[in-house]
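# Examination of the molecular architecture
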Amino acid sequence: MTDVDIVMQQSAAAFEAYKLVPAAGRAGFLEAIAEELEGLRESLVAIAGQETNLPPARLNGELTRTTNQLKLFASLIREGSWAEAVIDTANPATTPPRPDIRKVLLPVGPVVVFGASNFPFAFSTAGGDTASALAAGATVVIKGHPAHEATSLKVFGAIQAAISKTKMPEHTVQHVAAPGNNIGKDLVTHPLITGVGFTGSFQGGKALFNYANQRETPIPVFAEMSSVNPVVFLPDTLEKNAASLAQTFGGSVTLGMGQFCTNPGLLLAIRSKAQEQFAALLGEAIAQCAPQKMLHAGIHQAYEQGRSRLLSQQGVTLISESSQAPAEMEAFPALASVTAKDFLANHLLSEEVFGPSSLLIVCEDKEELKTVLKSLKGQLTTTVVGTEADVAANGDIIALQTTLAGRVILNAPPTGVEVCNAMVHGGPFPATTDARFTSVGTSAIKRWVRPVCFQGFTNAMLPDALKNENPSGIWRLVNGEFTKDAIN
Ligand code: NAP
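I will try to describe carefully the structure that is included in this document.

Rules of the game
Residues numbered from 1 in each chain as written. Predicted model: local features only at pLDDT ≥ 70, side-chain atom pairs only at ≥ 80, totals over all residues. Heavy atoms only, no water. Near = heavy atom within 4 Å. Polar contact = N/O pair within 3.5 Å; in protein donor to acceptor, adjacent residues only side chain to side chain. Areas by Shrake-Rupley, 256 points an atom, 1.4 Å probe, with all protein chains shown as cover. 1 Å grid on protein atoms, 1.4 Å probe; cavity = no way out; pocket = protein on both sides within 12 Å on 5 of 7 lines; lining within 4 Å. Sits in = over half its atoms within 2 Å of the grid points. Helix = DSSP H or I, 4+ residues; strand = E, 2+ residues; numbered from the N terminus. Nonpolar A, V, L, I, M, F, W, Y, C, P; charged D, E, K, R; others polar. Contact = heavy atoms within 4.5 Å. Points joined across faces, edges and corners; volume = space filled by probe spheres on them. Salt bridge = Lys/Arg side-chain N within 4 Å of Asp/Glu carboxyl O. Buried < 20%, exposed > 50% of the residue type's maximum accessible area, 1.4 Å probe, protein only.

Turning our eyes to something else, we now look at the site of the ligand. With respect to spatial proximity, 26 residues lie near the ligand, and among them S117, N181, S201, M225 and C261 are the closest. The side chain of E224 places a nitrogen or oxygen atom 3.4 Å from an oxygen atom of the ligand. If the ligand stood free it would expose 870 Å²; the protein chains cover 86% of that surface. Mapping the ligand onto the cavity grids shows that it belongs to the largest pocket. The greatest single-element share of the shell around the ligand, amounting to 4 residues, is contributed by helix α8 (residues 202–214). Each residue belonging to the shell around the ligand can be placed in one class, and the counts come to 12 nonpolar, 10 polar and 4 charged.

The following block contains the structure:
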């Protein structure tokens, strides 16, 4: 038996016990992980800082986001209505007579979570994928990201402490780490795994997606990959607000050295004097941003290559770059521009350059701007920036944007993803491999469950969510009506 085999057998055995733990028990477990992480805050932030070059303020904020996320999933499952219980009681009067049919969402089984390099806490070992899977009742095997292995192992230690304190099955969560791609492939192709969560590069996510689909029994891969998050600046707002928009969006392009999946990589505007002034002001804002170290050498190298490739393309002009030269492993913020005509002729220009650079696409008119939007692949976000008059006159542009991305934003930068019930952090391929799901917010739990229908069961045999007396007091759709009432 290989190491991966042993881990998977243990995870599958743990699943048989963990799926029976009542929601209150799973909620207590999630809260205990949050508490353990809080207890380790100082050392976690210190280790993560050494491994990722991220500053303490950012890491502290991210850790708080992570513990709040765990608590949010705890409250979601304590309340319980997320499980979408639907009940159609037997009706002997119909032809043919309808039997009693009841449906609820149940956990899929052991899943693999790939830690992301750019969020050592919130999208890694105890991040959103793990929290949502554990909330659903799935067991989790974590593939730690090699760029922050010590952080990942320390977070895993916190999870193990929580397992022991709350008496969860020992192997509810496991951690594997080994350099190279083989372990990832072995995990995804293992017959006992039932789903995969991933955040990272398009190449990595697509490779895992392909492995999963080539299995004898294919499984879903929820991969969040690449996005250039196009921002459309409408004419009236550029006339009126160019200076403040330049500050806001200059900050968004360079925030965290651009190492966010929601970084605004493409900016679209119609040619005008105001657009030219905006470009100059945005260039000044970006020039003021000092270079900082990136997460790891590979990401830095990929950024520098991507930036050079972008700037060497036909028709691309550098507007500005940071006024300070970068030191070793530091990113060099940059703003470039291109005409829509040149952009449309070169598919390389629509690819993600992961880091603090952005490309302004100057369109001759509204129709050309719409042609650019139509040419783009699926995105996590797209933003429209405009006055009331702009928005009223450009409903067609906003309609196009709605087909393009999972989240459409009005008059705010795309960086910053709220963890809440209504969030959609997903989008059409290649932003993700499955546009129907989100990886942030409480709906992320839906990735790790499947609907199961019970027909003709006696009350005692049914899961609690479907029992006549509704012991958890959840919302259910009973014979077509939403209610918390028991069934007599
Ligand atoms: P990555 O290279 O995609 O790696 C992420 C994880 O997937 C690692 O654990 C890696 O394991 C594994 N992996 C990658 N390719 C694999 C394959 N073919 N088979 C099996 N496992 C595989 O991402 P990264 O290291 O975080 O950063 C690299 C680039 O990804 C960045 O430069 C950036 O372009 C992009 N990125 C995008 C986002 C986003 O949110 N859009 C976030 C982070 C990074 P091993 O390394 O151990 O093989």
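On we go.
One can find L134 in helix α5 (residues 128–136). For L134 and Y18, which are 116 residues apart along the polypeptide, the C-alpha to C-alpha distance reads 9.0 Å. Excluding residues within four positions of it along the chain, L134 makes contact with Y18, R26, F29, L30, I33, V140, T172 and V173.

This brings us to the layout of surface pockets. Its volume calculated, the largest pocket comes out at about 1,300 Å³. Every residue lining the largest pocket is counted, 49 residues in all, and those nearest its centre are G200, S201, F202, Q203 and G204. Among the secondary structure elements, those contributing two or more residues to the lining of the largest pocket are α7 (182–189), β6 (195–199), α8 and α11 (297–311). Looking at the lining of the largest pocket element by element, the count peaks at 7 residues for α11. Across the lining of the largest pocket, the residue classes break down as 20 nonpolar, 22 polar and 7 charged. Lining the second largest pocket are 23 residues; nearest its centre among them are A23, R26, P463, D464 and A465. Counting residues per element, the ones that place at least two in the lining of the second largest pocket are α2 (23–39), α4 (56–79) and β2 (101–107). The dominant element in the lining of the second largest pocket, judged by the number of residues it contributes, is β2, at 4 residues. Split into classes, the residues belonging to the lining of the second largest pocket amount to 16 nonpolar, 2 polar and 5 charged.

Pairing of side chains with opposite charge becomes possible as their charged atoms draw close. Tallied over the entire structure, the rule returns 17 salt bridges. Between E16 and K19 there is a salt bridge, with its nearest N and O atoms 3.1 Å apart. Overall, E16 belongs to the partly exposed group, its relative accessible area being 45%. Of the charged contacts, one joins E367 and K370 as a salt bridge, the two residues approaching to 3.6 Å between their closest N and O atoms. Residue E367 and its partner K370 are located together in helix α13 (residues 366–375), separated by 3 residues, close to a single helical turn. When its relative accessible area of 47% is taken as the criterion, E367 is described as partly exposed. When salt bridges that share partners are traced, they join K366, E367, K370 and D396 into one network.

Geometric descriptors of this kind do not, in isolation, establish any biological role.
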